[in-house]
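The residues making up each chain are set out below.
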Amino acid sequence: MRVLVVYGTTEGQTRKIAERIAARVGDLGHEATLLDASAAGPGDDPAAFDLAILAGSVHVGRYQAPLVDYARRHAAALNASASAFVSVSLSAAGDDPEDWAGLARCVEGFRHETGWRAPRLHHAAGAFRFTRYDFLKSWAMRYVAYRRGEHVQAGADREYTDWDALDAFVEETLAAAAPGA
Ligand SMILES: Cc1cc2nc3c(=O)[nH]c(=O)nc-3n(C[C@H](O)[C@H](O)[C@H](O)COP(=O)(O)O)c2cc1C
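Residues numbered from 1 in each chain as written. Predicted model: local features only at pLDDT ≥ 70, side-chain atom pairs only at ≥ 80, totals over all residues. Heavy atoms only, no water.

(A) View of the sheet that holds strand S3 (residues 51-57). The sheet built from 5 strands is open, its strands ordered S2-S1-S3-S4-S5 with parallel pairing. The sheet terminates laterally at strand S2 (31-36) and strand S5 (120-125), the two strands that pair on one side only. Taken over all neighbouring pairs, the strand axes of this sheet differ in orientation by 20° on average, direction set aside. Inspection of the sheet shows strand S4 (residues 82-89) paired to S5 by 6 bridges, in the parallel sense. Looking at the pairing, Val-86 lines up with His-122 of S5. Across the sheet, helix H2 (residues 65-73) is in contact with strand S1 (2-7), S2, S3 and S4; its angle to S3 comes to roughly 150°. (Pairing = 2+ DSSP bridges. Helix = DSSP H or I, 4+ residues; strand = E, 2+ residues; numbered from the N terminus. Axes fitted to C-alpha atoms, helices over the stretch in contact; angles between N-to-C directions. Contact = heavy atoms within 4.5 Å.)

The following block contains the structure:
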């Protein structure tokens, strides 16, 4: 199958996740095309693929604007074929019911904004990327870490992504999209 993997990222973790998805797709014998939503052109139409997997990360309750734009522009094609959404966040690293309710609202807002109703959804835990933050962001994210009871070191990244769970989601998504499935 031809699989399109489109991502939005701010600090790079979702790019890493999208690269892993594309690598897993390739390992399983399919052809993956990786696309940064901010570089998408008129030819990057999901209608030309058998499956589209979109991934974006939550920043203050929203996904990256270029990803939202891409999903909105191509909602009809995405709704017409096999597709999946990977939502990356720090809330998904924990089990706080309020955080998870917040994530559900983010996904619902994304669906409402874009008109794309992804039939498959995976929540991936993201990362603290202190090596990418400016002073203000670093300060704010250290406070977030403190509130979550996490001990982070200034200038050091901390990754929570469960790579095995992501691989399993990719495998299940490919199986569900296979002809005759
Ligand atoms: C400024 C900022 C705001 C964030 N807001 C949220 C949020 O509202 N909810 C959440 O669960 N995670 C939030 N996060 C965590 C990110 O989703 C997480 O760090 C993710 O790995 C970022 O992915 P990226 O590196 O692809 O941009 C925020 C991170 C930053 C830096």
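That shown, we press on.
(B) How the structure looks around the packing of aromatic side chains. Counted by the stated rule, this structure contains 9 aromatic pairs. Ring centres of Phe-110 and Trp-116 lie 6.1 Å apart, and the angle between their planes is 80°; on these two criteria the pair is classed as edge-to-face. Here Phe-110 matches Trp-116 in class, with each residue buried. Between the aromatic rings of Phe-128 and Tyr-160, the centroid separation amounts to 6.0 Å while the plane-to-plane angle is 70°, which identifies the pairing as edge-to-face. Highlighted residues: Phe-128 in strand S6 (residues 127-128) and Tyr-160 in the loop between strand S7 (158-159) and helix H6 (163-177), separated in sequence by 32 residues. (Phe/Tyr/Trp six-rings, centres within 6.5 Å; stacked < 30°, edge-to-face > 60°. Buried < 20%, exposed > 50% of the residue type's maximum accessible area, 1.4 Å probe, protein only.)

(C) Main features of the domain arrangement of the chain. According to the domain assignment, the chain contains domain 1 (2-126 + 166-177) and domain 2 (129-160). The straight-line distance from the C-alpha centre of domain 1 to that of domain 2 is 24 Å. Contacts between the two partners involve 12 residues from domain 1, matched on the other side by 8 residues from domain 2. Surface buried jointly by domain 1 and domain 2 totals about 890 Å² across both partners, of which 46% is contributed by carbon and sulfur atoms. It is Glu-11, Gln-13 and Leu-90 that lose the most area in domain 1 upon contact with domain 2, and together they represent 58% of the buried surface on that side. (Domains from an automatic or database assignment. Buried area = accessible area lost by both parts, 1.4 Å probe.)

(D) Representation of the site of the ligand. In the vicinity of the ligand lie 20 residues, with Thr-9, Thr-14, Val-58, Ser-91 and Ala-127 positioned nearest. For the ligand, an oxygen atom lies 2.8 Å from a polar atom in the backbone of Gln-13. Within the backbone of Ala-127, one N or O atom sits 2.6 Å away from an oxygen atom of the ligand. When isolated, the ligand has an accessible area of 640 Å², and the protein chains bury 86% of it. Given that more than half its atoms are within 2 Å of the pocket grid, the ligand belongs to the largest pocket. Mapped by element, the contributors of at least two residues to the shell around the ligand are helix H1 (13-27) and S4. Among the residues making up the shell around the ligand, the classes are represented as 7 nonpolar, 12 polar and 1 charged. (Near = heavy atom within 4 Å. Polar contact = N/O pair within 3.5 Å; in protein donor to acceptor, adjacent residues only side chain to side chain. Areas by Shrake-Rupley, 256 points an atom, 1.4 Å probe, with all protein chains shown as cover. 1 Å grid on protein atoms, 1.4 Å probe; cavity = no way out; pocket = protein on both sides within 12 Å on 5 of 7 lines; lining within 4 Å. Sits in = over half its atoms within 2 Å of the grid points. Nonpolar A, V, L, I, M, F, W, Y, C, P; charged D, E, K, R; others polar.)

(E) Structural view of empty space enclosed by the protein. Summed over all chains, the structure comprises 1 cavity of 30 Å³ or more. By volume, the largest cavity amounts to about 40 Å³. The element that contributes the greatest number of residues to the lining of the largest cavity is helix H4 (residues 97-114), accounting for 3 residues. Counted by class, the lining of the largest cavity contains 6 nonpolar, no polar and 1 charged residues. (Points joined across faces, edges and corners; volume = space filled by probe spheres on them.)

(F) Fine view of the nonpolar core. Grouped together as the largest cluster of nonpolar side chains are 21 residues, with contacts concentrated most on Val-3, Ile-17, Ile-21, Ile-53 and Val-86. For this core, the secondary structure elements donating two or more residues are S1, H1, S3, S4 and H6. When residues of this core are assigned to their parent elements, the largest contribution, 6 residues, is made by H6. Apart from residues lying up to four places away in sequence, Val-3 is in contact with Val-25, His-30, Glu-31, Ala-32, Thr-33, Phe-49, Leu-51, Ile-53 and Leu-174. (Core = buried A, V, L, I, M, F, W, Y, C linked by side-chain atoms within 4.5 Å.)

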